[in-house]
Amino acid sequence: MAPAWAGALAGLVSGGVALGIAQLVAGFVGPETFPVVAVGDATVDLTPAPVKDFAIRTFGENDKAVLVGGVLVVLAGVAALIGVLAWRRLAYGFAGLAAFGVIGALAVVTRPDAGLLDASPTVVGVAVGAWALAWLVRRAGGRRGAGPAPDTASASAASVPLTLVGAERATSAVGEQAGDGAERPAVMRAGGEPVAFDRRRLLTGAVGGVVVAGAAGVLGQQLGGRQAVDAARTGVALPRPATPAKPLPAGADLRIRGLSPFVTPNRDFYRVDTALVVPQVDPNDWKLRIHGLVDRPVELTYADLLKMPLTEADVTLACVSNEVGGPYVGNARWLGVRMSEVLRRAGLRSDADMLLSTSADGFTCGTPVDVVMDGREALFAVAMNGEVLPVDHGFPVRQVVPGLYGYVSATKWVVDIKVTRFDRDEAYWTPRGWSAKGPIKTQSRIDVPKSGDSLKAGGTTIAGVAWAQHTGVDAVEVRVDRGQWRQAKLAEVPGPDTWRQWSIDWAATPGEHTIEVRATDASGYTQTDQLAPPAPDGATGWHSITVKVS
Ligand SMILES: Nc1nc2c(c(=O)[nH]1)N[C@H]1C(S)=C(S)[C@@H](COP(=O)(O)O)O[C@H]1N2
Ligand SMILES: [Mo]
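Residues numbered from 1 in each chain as written. Chains lettered and ligands numbered in written order. Predicted model: local features only at pLDDT ≥ 70, side-chain atom pairs only at ≥ 80, totals over all residues. Heavy atoms only, no water.

1. Considering the pattern of salt bridges
Move 1: Within the structure shown, the criterion is met by 15 salt bridges.
Move 2: In this structure, the salt-bridge partner of D304 is K307, at a minimum N-O distance of 4.0 Å. Taken together, the residues D304 and K307, both in helix α11 (residues 302–307) and three residues apart, mark about one turn of the helix.
Move 3: A relative accessible area of 28% means that D304 is categorised as partly exposed.
Move 4: By relative accessible area, K307 is classed as exposed at 67%. (Salt bridge = Lys/Arg side-chain N within 4 Å of Asp/Glu carboxyl O. Helix = DSSP H or I, 4+ residues; strand = E, 2+ residues; numbered from the N terminus. Buried < 20%, exposed > 50% of the residue type's maximum accessible area, 1.4 Å probe, protein only.)

2. Some remarks on the sheet that holds strand β11 (residues 443–448)
Move 1: Strands sit in the order β11-β13-β17-β16 across an open sheet of four strands; the sheet is antiparallel. If you trace the sheet from one side to the other, it starts and ends with β11 and β16 (489–490), each paired once.
Move 2: The pairing of β16 with strand β17 (residues 500–508) spans two bridges and is antiparallel. Residue pairing for β17: K489 is matched across the bridge by S503. (Pairing = 2+ DSSP bridges.)

3. Quick look at the environment of I417
Move 1: By the element assignment, I417 lies in strand β10 (residues 414–420).
Move 2: Take I417: its relative accessible area is 0%, and that puts it in the buried class.
Move 3: The sequence separation of I417 and T358 amounts to 59 residues, and the corresponding C-alpha distance is 6.4 Å.

4. Digging into the nonpolar core
Move 1: Counting 72 residues, the largest nonpolar core has I290, Y302, W334 and F380 as the members making the most contacts within it.
Move 2: It is strand β7 (residues 379–384) that contributes the most residues to this core, six residues altogether.
Move 3: Counting the residues that make up this core, at least three belong to each of domain 2 (266–432) and domain 3 (443–549).
Move 4: Residues A10, L97, V126 and L133 belong to the second largest nonpolar core, which totals 27 residues. (Core = buried A, V, L, I, M, F, W, Y, C linked by side-chain atoms within 4.5 Å. Domains from an automatic or database assignment.)

Remember that the coordinates give geometry; whether it matters functionally is a separate question.
Here is the structure:
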């Protein structure tokens, strides 16, 4: 016979698989539907008050952890027992698992406003756990149920290397079937009979089970964390701005087909970051710490931030990685607290020239102090286009600084600001070959027609956007086939911090044509035709497209 630990191990691993799968399903259905949590909560509800008081007195803030730990220890014991039973006869094991599933499912569905679907993590977990148990027991040669043994079992048992079978034989107890290839198939055919215990196959199977359980559990936890943060995000009530944005001028959006709308909807807003998995930051745990070259270090909670006067501002973000004509630029209405107001609370020392901001996932930006303090609407933003900041765009709080590329200013999920100096600190992208400072370069883009389009000869509209944040766009010119530059019509803008739509009519003649655009900003600077790649501090050159007219 196999040693008792074999059954216990099979039970523990299958129990782990059941929990891992349950955790994974709970990641979709809701973290509160994970049966261990539900059983723990039910235990709390059913615990007599004196015991509860004792637990709180004894374990203090750790009482939740002790409770969940207790549930897990009990679960482990029962799982081991189920495994031992299953080794004798699978049906016993299944019965034990089913009993467990019923307790778990009951605990879940009796929670306030729970639905039947909430039992799915338990049900799926127990089902997969039962499958894993049967698989492990069969794989390692426990006693099978009635009926003929599946051929696969004998086939795989026969493929065990002879050396190991030999080793197993040396340690096997008297009466156990010797695992010798010639004898096995005969034994396998006898349903309900014990077969040779194969330790290696049990252990490799157990390792496989642990890997599956762990991966499913981690994935489920990630998904569940996302759900918890989504729920917290939905619960945020945005205060009214103390300083609302001026209403958009009626002529800000030319409403031309194919032209980027003046306001980029959140779902279409470009996303650039280094995060493989988007940080899930619970606003209730969020803190912003400001320290370094300050008179008084400051720590703010999300509630503290929302209590400060909020400013609304229309600001166009741009990524330094954007090629000329590229898509990594977008315009939104942001709501947030002026960074300068928070920094003034901390009291900046006069030798400070850099704000090194860090996100929840460790990314950093280095932002010039003078830019943030010069009166422009640099914000700790909490909302985007009237919606609580989307998680992908930095919920709960991100920075927005008009005039600077995102990589030196727009820290999402920001949690820490070290007030420092450029000659002492470096932000994330600087040692990776990008300039320490990143003012946005004046740029323009043709949105319609698209390069490569085929057009009909006659009157057409060429249109696009141009930007020169915090300076403002004063003129946009277009030329066809290197002819005369012509002035485009400019849309209105609320201020210098957004992009500006432009359009121009063109009498298209048959043939292939090249269209170029260039902008002039309010400082009088006209975009250079000199082509530069994005690295190290932003691309330059004129956006140029070719179209076919017939
Ligand atoms: N935490 C964090 N914040 C970040 C980044 C990042 O990688 N991590 N990328 C920056 C860059 S390069 C840009 S262009 C902007 C993009 O902001 P968006 O994704 O909301 O459009 O975020 C900035 N903030
Ligand atoms: Mo960027």
